[in-house]
Amino acid sequence: MSRKVVEIAGRRLSLSNLEKDLYPSYGFTKAHILEYYRRIAMFILPHLEDRALTLKRYPEGVEKDFFFEKRCPSHRPGWVKTAEVSRDYGERMTVCLINDLETLIWVQNLASVELHVPLARVGSPETPDFMVFDLDPGDQATILVCAQVALILRDLLSRLGLTSYVKTSGKKGLHLYVPLNHKGKTFEDTKQFSRAVAVIMEKNYPDLVTAKMAKKYRKANVFINWAQNDSKKTMICIYSLRAREKPIVSFPLAWKELENAARQDDSEKLQVIHSEAVITAEKQGDLSREVLVKKQKLPYL
Amino acid sequence: MGNSRSDIDTGEVLFKQGNKMAVQGIWSGTISFSLVAIPVQLVKAVEPGRVSFRMLHSKDYSPLARRMFCPEEDAIVHPDEIIRGYEIRPGKYILITNEELESVSPQRSRTIEIVEFINMNEVDSIYYDHPYYLVPTKGGEKAYRLLVEVMRRTNKAGLAKFVLGEREYLVAVKSMGGALALMTLHYSEEILPDEDISPRGGEIEAEEKSRIKKIIKKMMADFSPEKYADERRKKIMDLLKKKAKEKVPVEAPQVEEEEGEGPADLIAALKESMRKVKMKR
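Everything numeric here is computed off the predicted structure, so don't read it as measured data.

Student: Before we go on, may I ask you to explain the overall build of chain A in this structure?
Tutor: Counting its regular elements, chain A contains eight helices and 16 strands. Residues counted as buried form 42% of the 301 residues belonging to chain A. By sequence separation, contacts in chain A at least 24 residues apart represent 69% of the contacts at least 6 residues apart.

Student: Mind showing me how you'd approach the confidence of the model for chain B here?
Tutor: As a note on interpretation, predicted positions should not be read in detail where pLDDT is low. All names here are of chain B. Of all residues in chain B, 89% have pLDDT values of 70 or greater, and the mean over the chain is 83. Mean pLDDT values over the elements of chain B span from 32, in helix H1 (residues 5-10), up to 94, in strand E11 (residues 179-185). Low pLDDT (under 50) marks residues 256-260, which in the prediction has four contacts with non-local residues, meaning those over four places away or in another chain. Note on the complex model: pTM 0.58, ipTM 0.86.

Student: Looking at this structure, I do not really get the interface of chain A and chain B. What am I missing?
Tutor: How big an interface is tends to be stated in terms of the accessible area lost upon association of its parts. Listed as interface residues are 19 residues of chain A and, on the opposing side, 19 residues of chain B. Counting residues per element, the ones that place at least two in the side of chain A that touches chain B are helix H3 (143-159) and helix H4 (187-204) of chain A. Residue contributions to the side of chain A that touches chain B peak at eight residues, all from H4(A). For the side of chain A that touches chain B, the residue count by class is 12 nonpolar, four polar and three charged.

Student: Please explain unusual backbone geometry as it appears in this structure.
Tutor: Negative phi values dominate among residues other than glycine, just as trans dominates among peptide bonds. Its identity as a non-glycine residue notwithstanding, A:Ala111 has a phi of 60 degrees, on the positive side. Tracing the chain through its elements places A:Ala111 in the loop between helix H2 (101-109) and strand E7 (114-118).

Student: Help me understand the sheet that holds E11(B), please; the structure alone is not making it clear to me.
Tutor: Strand pairing in a sheet relies on backbone hydrogen bonds, with the paired strands running either antiparallel or parallel. All names here are of chain B. In space, the seven strands of this closed barrel follow the order E1-E2-E8-E11-E10-E9-E7, with mixed pairing throughout. On average, adjacent strands in this sheet sit at an angle of 40 degrees to one another, irrespective of strand direction. Direction of pairing for strand E10 (residues 167-176) relative to E11: antiparallel, over a ladder of seven bridges. Each residue of the ladder has a partner; that of Ala172, found in E11, is Met183.

About the cut-offs
- Residues numbered from 1 in each chain as written.
- Chains lettered and ligands numbered in written order.
- Predicted model: local features only at pLDDT ≥ 70, side-chain atom pairs only at ≥ 80, totals over all residues.
- Helix = DSSP H or I, 4+ residues; strand = E, 2+ residues; numbered from the N terminus.
- Buried ≥ 20, exposed ≤ 12 C-beta atoms within 10 Å, placed from the backbone.
- Contact = placed C-beta atoms within 7 Å.
- pLDDT = per-residue confidence, 0-100.
- Nonpolar A, V, L, I, M, F, W, Y, C, P; charged D, E, K, R; others polar.
- Pairing = 2+ DSSP bridges.
- Axes fitted to C-alpha atoms, helices over the stretch in contact; angles between N-to-C directions.

In structure tokens, the structure reads:
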């Protein structure tokens, strides 16, 4: 195993197998992954901060087996920040917090290509910082159908006085985020609210939307997964790479971009690859910043 | 939701006896002592025969829910605003959080670890709390039968600490009709003092004593509890059966499940907004 010792922010890290091709169909090595995360760090770190990380590790590359790791590996360096969280039945568990560049690089050295985080921070695990609508297309639906649904949802939420933000899932779906950023509401509330929204969407657009989990209802429809609004669930972090043939990123979009893609029937625009992600983010800044700061109240609850 | 009305119409479900229900495990784990470990399941031994009623709204038969009420504000209190307090003096409370309670709650037991054996006849029935059966699970049958037999012959019981639900119980494992029973016992501090109960003083005359003895002897019988029944329960069940035959049961209004998934205000606002969104498109 080849090793290379680097120093980041005064901390020494031993990186292994940098030449290993983790996206073999595309040609993207661990060194490329580290470079992507190094350049995107200033954008992704605020979205990871103080959230219990779930590692999704692909030691043999994205086309081979992966495993989830919720516990922070015990062989971690002493400076990796951790938190104690309680699982069901009061069991305690130590999780990693990616609050700085060196931890981000250390985690990527573990081939944890995808970074999944909950909607709440470790200090207040029962109060979500945002409500999400995870738009998940069935086998016969495309991301463009998702785009249609997302645009209707945006309008509906906006009439309720709520501003929403959208990002690509990095796969076939889209994620809508409604920032809350106050401690007044629990997951019970966001779940109830998002479920009511999903159900009314299903009723009014039965050919586009389903609010039911079962695969048989999805098919050509988009499943509005309201059940993601749960303290036990995680979402792929904004700016995280996805494990698929190409290094595609879960990337924030301006609503205008989504409208254009929908109008031009161009699904390619909704697949943002690593290099494009870095260039766009450096040019326009973090489009999803408001998700972390904008304070909104859920009406009628 | 899965509340099929037709079940009730036949009357069978409504009048099902507790003892006909399938045995369902409350807990599974092992009994252990010394080098013995027997895999078992804990099941109920009794089903209280209370007839329970749902409270309904008289005008449309909707089942009613309980809410916490604040007499000070004359208003229903949202669950988010409810916390726990321990009353140390009237009107004075010590607050306690769920986390604090959880931190002192015992870990769920995986074994019933017998720490000592006792003579069951030394345990006064006042200590008996609630009975359960232990049923052997795969691989445990032989050791189970052995323990049942030995404890039966010697009238011994094993004492153990055991966590069920959120409480830690003192339990006695004993032989009962060819099976193992588990009896949760009261802790000694739960037993109220009896000093003031029995009246003192005065010799009892031998003649009086023998008279009472004779009466008791005349009234002696074998204990056969099946001779007795909860008369009120029986009458209520008979009444219900009669009424079920005569009358069609009233029905709660069919709530459309989906509409019920949010507060009325939210649903109304969503409908209105949706109408406008559709108009614009």
